[in-house]
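Results of the structural survey
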Amino acid sequence: MAMNRRSIGTASKSSSRGVAWTIGVIGTLVVLVNVSKCSSNSPRTPAEVAASDPAIKTLTSSVAAQTPPAVQPLSSPAVREGLAEMGKAFASEGLSGSMIYSQNCYDALSHAFSWRLLDTCGAADLKGVASVPEDEVNSIDKEIAYFQSEVAAARYLGATTGAGASADDADTRLAEIQRRVPPAKRAPADDSEIYNATAVPADMMTNVDDGAQAEAT
């Protein structure tokens, strides 16, 4: 009997250690999964996007392969052109039209680089960023992802550094364009919303009428 008790005790301890080990492994896996999720959901910088996005890496290398001319100052007329053209594209075809304009602009830049066209594309992109609706719209999720501020900045920075500008100069150039982009305008409320916001509730109107009649008597 003593031997059986010792055997049972030994088996019980082994079982407990096995359960504890299994729980420890599961806990570690859960932590690793959560860390992975946090890492994937954490915001990326434009430099990180430029280094990892295949399309932007291709743009950068295509610009660099052209042996661009020496760095030129930011072109104010080009910035105004980009803002105006993107405004027209958005007014005509919404965010989808904006994305098409941006893609065509950078495609042209990848084949025939000029500093003026670069600034046009950059300004247009930032105008597109300002046009993204605040509420998520499933039908244009691809366009919304395209015009994320970090992604749009990465396109411009990638092309700028590919053309020979330093990272600091590229950041300064982008910041100057951002300074010139007008803030997004909210759509005005329609007449029914304005009426509903200012109308007096019906029960209050009834009370007012009753009070007026009482004063008259």
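Structural notes, computed from the coordinates. Position numbers for residues start from 1 in each chain and track the written sequence from start to end. Totals for whole chains, interfaces and linings use all residues, but because this is a predicted model, local features are given only for residues with pLDDT of at least 70 and pairs of side-chain atoms are given and counted only at 80 or more. Side-chain measures were taken over the full set of non-hydrogen atoms in the model, leaving aside hydrogen atoms and water.

A few points about the side chain of Thr 120
Secondary structure elements are defined from DSSP: runs of H or I of at least 4 residues count as helices, runs of E of at least 2 residues count as strands, and each element is numbered from the N terminus. Assignment of secondary structure puts Thr 120 in helix α5 (residues 115–131). When accessible area is computed with a 1.4 Å probe and restricted to protein chains, residues below 20% of their type maximum are described as buried, those above 50% as exposed, and intermediate ones as partly exposed. A residue is classified by how much of its surface remains accessible, and Thr 120, at 3% relative accessible area, is buried. Here a polar contact means two N or O atoms within 3.5 Å. Within protein one must be a hydrogen donor candidate and the other an acceptor candidate, and residues neighboring in sequence count only if both atoms are side-chain atoms. Within the local environment of Thr 120, its side chain forms a polar contact with the backbone oxygen of Ala 78, the two atoms lying 3.3 Å apart. Between two residues, a contact is recorded if the distance between any of their heavy atoms is within 4.5 Å. Residues in contact with Thr 120, not counting those within four places in the same chain, are Ala 78, Glu 81, Gly 82, Tyr 101 and Cys 105.

Some points on the packing of α5 against helix α7 (residues 149–162)
Between N-to-C directions, angles cover 0 to 180 degrees, with each direction set by a line fitted to C-alpha atoms, over the stretch in contact for helices. Axis separation between α5 and α7 bottoms out at 9 Å; the angle between their running directions is 175 degrees. As summarised for this structure, α5 and α7 are arranged roughly antiparallel, according to the angle between their axes. Of α7, the residues touching α5 (which contributes Trp 115, Leu 118, Asp 119, Gly 122, Asp 125 and Val 129) are Ser 149, Ala 152, Arg 155, Tyr 156, Ala 159 and Thr 160. Each residue gets one label: Ala, Val, Leu, Ile, Met, Phe, Trp, Tyr, Cys and Pro are nonpolar, Asp, Glu, Lys and Arg are charged, and the others, such as Gly, are polar. For the contact of α5 with α7, a count of residues per class yields six nonpolar, three polar and three charged. Note that the term roughly parallel is reserved for angles under 35 degrees, roughly antiparallel for angles over 145, roughly perpendicular for angles of 65 to 115, and oblique for everything else.

A closer look at unusual backbone geometry
Within the chain, Thr 67 stands out as a residue other than glycine whose phi angle is a positive 50 degrees. With respect to the helices and strands, the residue Thr 67 is situated in the loop between α3 (54–64) and α4 (76–111). For Thr 67, a relative accessible area of 64% gives the class exposed.

Looking at α7
Taking 1.5 Å as the rise per residue, α7 with 14 residues should run 20 Å; its terminal C-alpha atoms sit 20 Å apart, in good agreement. For α7, the tally of buried residues reaches 11 of 14 residues, placing the bulk of the element in the interior. Residues Val 151, Ala 152, Ala 153, Ala 154, Arg 155, Tyr 156, Leu 157, Gly 158, Ala 159, Thr 160 and Gly 162 constitute the buried set of α7. If you follow the buried residues of α7, they end up packed against α2 (46–52), α3, α4, α5, α6 (141–146) and α8 (167–180). Taken from the residues just after α7, Gly 164 is the one with a positive phi, measuring 115 degrees. Expected span of a helix: the number of residues minus one, times 1.5 Å.

Quick look at the state of the cysteines
Count a disulfide wherever a pair of cysteine sulfur atoms falls within 2.5 Å. Under the defined criterion, the tally for this structure stands at one disulfide. The partner cysteine of Cys 105 in its disulfide is Cys 121, sulfur to sulfur 2.0 Å. When the S-S torsion is -95 degrees, as for the bridge of Cys 105 with Cys 121, the disulfide is left-handed. A residue pair is termed long-range when its members are at least 10 positions apart, and Cys 105 in helix α4 and Cys 121 in helix α5 qualify at 16 residues. With respect to burial, Cys 105 and Cys 121 carry one shared label: buried.

Brief notes about the pattern of salt bridges
Close approach of charged atoms allows side chains with opposite charge to pair. We count a salt bridge whenever a side-chain nitrogen from Lys or Arg sits within 4 Å of a carboxyl oxygen from Asp or Glu. If you walk through the whole model with that rule in mind, you get six salt bridges. For the salt bridge of Lys 88 with Glu 85, the shortest nitrogen-to-oxygen distance reads 3.5 Å. A residue pair is termed a helical-turn pair when its members lie 3 or 4 positions apart in one helix, as Lys 88 and Glu 85 do in helix α4 at three residues. With relative accessibility at 54%, the residue Lys 88 sits in the exposed group. Residue Asp 119 pairs with Arg 173 through a salt bridge whose shortest N-O separation is 3.0 Å. Here Asp 119 is found in helix α5, whereas its partner Arg 173 is found in helix α8, with 54 residues between them in sequence.

What to know about α8
With 14 residues, α8 ought to run about 20 Å at 1.5 Å a step, and its terminal C-alpha atoms sit 20 Å apart, in line with that. Buried residues of α8: Ala 170, Arg 173, Leu 174 and Ile 177, and no others. The buried residues of α8 occupy an angular sector of 95 degrees when the element is viewed end-on, so they sit on one face. Counted as exposed and oriented over 90 degrees from the buried face of α8: Asp 168, Thr 172 and Arg 179. Our arc is simply the arc of the directions from the helix axis toward the C-beta atoms.

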